[in-house]
Amino acid sequence: MNADIGIIGGSGLYEMEGLTNVKEVKIKTPFGDPSDKFILGTLSGRRLAFLPRHGKGHRILPTEINFRANIYAMKKLGVERIISVSAVGSMREEIEPGHIMIPSQFYDHTKKRISTFFGDGIVAHVGMADPVCNGLAEHLYRSSISVGAKTHNGGIYLCMEGPQFSTRGESLIYRKWGVDVIGMTNVTEAKLAREAEICYAAIALSTDYDCWHVSEDDVTVEAVIQIIKQNVDTAKRIIRDAVLNIPKGRDCHCKDALANTIMTDPKLIPLKTKKRLELIIGKYIKTSKKGKK
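Each value, and the rule that gives it
Residues numbered from 1 in each chain as written. Predicted model: local features only at pLDDT ≥ 70, side-chain atom pairs only at ≥ 80, totals over all residues. Heavy atoms only, no water. Helix = DSSP H or I, 4+ residues; strand = E, 2+ residues; numbered from the N terminus. Rg over C-alpha atoms; globule rule 2.2 N^0.38 Å. Buried < 20%, exposed > 50% of the residue type's maximum accessible area, 1.4 Å probe, protein only. Contact = heavy atoms within 4.5 Å. Areas by Shrake-Rupley, 256 points an atom, 1.4 Å probe, with all protein chains shown as cover. Lys, Arg positive; Asp, Glu negative; His and termini not counted. Charge placed at Lys NZ, Arg CZ, Asp CG, Glu CD. Core = buried A, V, L, I, M, F, W, Y, C linked by side-chain atoms within 4.5 Å. Patch = residues over 30% accessible without salt bridge, like charges linked within 9 Å, V, L, I, M, F, W, Y side chains within 5 Å. Salt bridge = Lys/Arg side-chain N within 4 Å of Asp/Glu carboxyl O. Axes fitted to C-alpha atoms, helices over the stretch in contact; angles between N-to-C directions. Parallel < 35°, antiparallel > 145°, perpendicular 65-115°, else oblique. Left-handed = near helix turned anticlockwise from the far one by under 90°. Nonpolar A, V, L, I, M, F, W, Y, C, P; charged D, E, K, R; others polar. Disulfide = S-S within 2.5 Å.

Comments concerning the overall build of the protein
Consideration 1: Check the secondary structure of the protein and you find seven helices and 11 strands.
Consideration 2: Whereas a compact globule of 293 residues would reach a radius of gyration of roughly 19 Å, the protein reaches 19 Å, a difference of no more than 12%.
Consideration 3: Summarising its shape, the C-alpha atoms of the protein cover approximately 65 × 45 × 35 Å along the three principal directions.
Consideration 4: By residue count, 54% of the 293 residues in the protein fall in the buried class.
Consideration 5: Put simply, of all contacts in the protein between residues at least 6 apart along the chain, 80% involve residues at least 24 apart.
Consideration 6: If you sum the accessible surface of the protein, you get close to 13500 Å²; carbon and sulfur atoms cover 51% of it.
Consideration 7: Each charge class in the protein can be summarised by its mean position, and for the 42 positive and 33 negative side chains these summaries are 11 Å apart.

Put into structure tokens, the structure is as follows:
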């Protein structure tokens, strides 16, 4: 039931040509239910786990996504690398609708998210200076170029709360901040993946110019859906190519991201909290040791 590469995105990606040994599984987590059942399958000898972040039929708001359950479930499946696929609005003229960007940075402008596994008696401060796995992002960039996608390597993804699109005033301010694209989901995934010591990188599909562009139509759901449908095949081809080239095993800092970050004296961590986080902190703090009840 294990997988070593996770894919988070919209429904339809698990229909990728060449996927074999397909199985649908429901994963339980101490943080509640993930967005939906996982689709497990084999592609080019690698086991993949697919999850539609908004649930099948796109029924979960960005704010309502149980990000902790989604990333915990990936960890439980044995996933070491997560490839996220998401629609974004472009904040730069040169990132045209239909283009792809591989983000290198995030700006968290959300207001209602739980973006950490920690709390309830345990404190950890994980480094996020470089929030994506450089090695994984480089593989995605090379693969996107290989399949002929018009791709921009690196840039800042601003994550807003949503579900509404930006006001024109907000959009113009974000432009002045120097961000490159805007979306509603990826930063929370990136933070939790880092805490779970999972490599994370994203394929950001530009669907529109938000509402800052004076000579383009303002963003609409219809326009976004149209561009997404056009880019689904491109995303599949990028993933297929990347899976062929991503090496097994890891030598990046992501795999040890929690080392020396847990501040709490292990003796003071409640036993219930230790047990809930065993999958995350187990190689640093053993649940067999007695904690404060």
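Further notes follow.
Looking at the nonpolar core
Consideration 1: With 78 residues, the main nonpolar core has Phe38, Met74, Phe117, Ile203, Ile280 and Ile281 as its most contacted residues.
Consideration 2: If we skip the residues at most four places from it in the chain, Met74 touches Gly6, Ile7, Ile8, Phe38, Ala49, Leu51, Val79, Ile82 and Ile198.
Consideration 3: In this structure, Met91, Val179, Ile182 and Met184 belong to the second largest nonpolar core, which totals nine residues.

Some thoughts on a nonpolar patch on the surface
Consideration 1: Together, Tyr107, Ile173 and Trp177 make up an exposed nonpolar region whose accessible area comes to about 310 Å².
Consideration 2: The partly exposed category is assigned to Tyr107, whose relative accessible area is 38%.

Observations concerning the packing of helix α1 (residues 67-76) against helix α4 (residues 186-195)
The axes of two packed helices give the description: the angle between them and the distance between them.
Consideration 1: At a closest axis distance of 10 Å, the pairing of α1 and α4 adopts a crossing angle of 45 degrees. It follows from the interaxial angle that α1 and α4 lie oblique. Between α1 and α4 lies a crossing of right-handed hand. Here Phe67, Arg68 and Ile71 of α1 lie close against α4, whose contacting residues are Thr188, Glu189, Leu192 and Ala193.
Consideration 2: Across the contact of α1 with α4, the residue classes tally to four nonpolar, one polar and two charged.

Examining the environment of His125
Consideration 1: Here His125 is to be found in the loop between β7 (105-109) and α2 (134-146).
Consideration 2: For His125, a relative accessible area of 55% puts it in the exposed group.
Consideration 3: Note: C-alpha distance between His125 and Glu197 (72 residues apart in sequence) is 13 Å.
Consideration 4: Those residues in contact with His125 that lie beyond four places of it in its chain are Thr261 and Met263.

Focus: the state of the cysteines
Consideration 1: The final tally for this structure, using the stated rule, is zero disulfides.
Consideration 2: Distance from the sulfur of Cys211, which forms no disulfide, to the nearest cysteine sulfur (Cys159) is 17 Å.
Consideration 3: Residue classification places Cys211 among the buried positions, given a relative accessible area of 7%.

Function cannot be read off these values alone, since they describe shape.
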